[in-house]
Amino acid sequence: MANQGFSPMERGVSFVLRLAVSLLLPLWGVVMIVLGVKWAMGWWIVTGVAVLAIGVVFFAGSSIVSPWLGGRRFS
């Protein structure tokens, strides 16, 4: 599925978009932690850690990242 597309341009755009989306959730977790520290609000920090943890799991399970972590290859 990762290599589908009719042209190299489509495959490139697909690669970049999937990578950006898989980075978005961990990035939002980090932003929440920073906001929690800045405003000294524990709720933001705890929620940010939870979002970051889930985002890292999704990022590591991404079909783009997992080949570099020793996981499954593109099919």
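Up top is the structure.
The present account deals with the structure reproduced in this document. The structure displayed is predicted, hence computed values, not measured ones.

1. Concerning unusual backbone geometry
Turning to step 1, where the next piece is worked out: Phi is positive for A40, close to 55°, though the residue is something other than glycine.
Turning to step 2, where the next piece is worked out: The topology assignment puts A40 in the loop between α1 (8-39) and α2 (42-60).

2. Regarding α1
Turning to step 1, where the next piece is worked out: The end-to-end C-alpha separation of α1 is 46 Å, in line with the 46 Å expected for 32 residues at 1.5 Å each.
Turning to step 2, where the next piece is worked out: Its axis deflected by about 30° at L24, α1 carries its strongest bend there, up to four residues before the proline P26.
Turning to step 3, where the next piece is worked out: Along α1, the residues that are buried comprise S22, P26, G29, M32 and G36.
Turning to step 4, where the next piece is worked out: Positive backbone phi, approximately 55°, marks A40, located one or two places after α1.

About the cut-offs
- Residues numbered from 1 in each chain as written.
- Predicted model: local features only at pLDDT ≥ 70, side-chain atom pairs only at ≥ 80, totals over all residues.
- Heavy atoms only, no water.
- Helix = DSSP H or I, 4+ residues; strand = E, 2+ residues; numbered from the N terminus.
- Expected span 1.5 Å × (residues − 1).
- Bend = angle between axes of the 7 residues up to and from the residue.
- Buried < 20%, exposed > 50% of the residue type's maximum accessible area, 1.4 Å probe, protein only.

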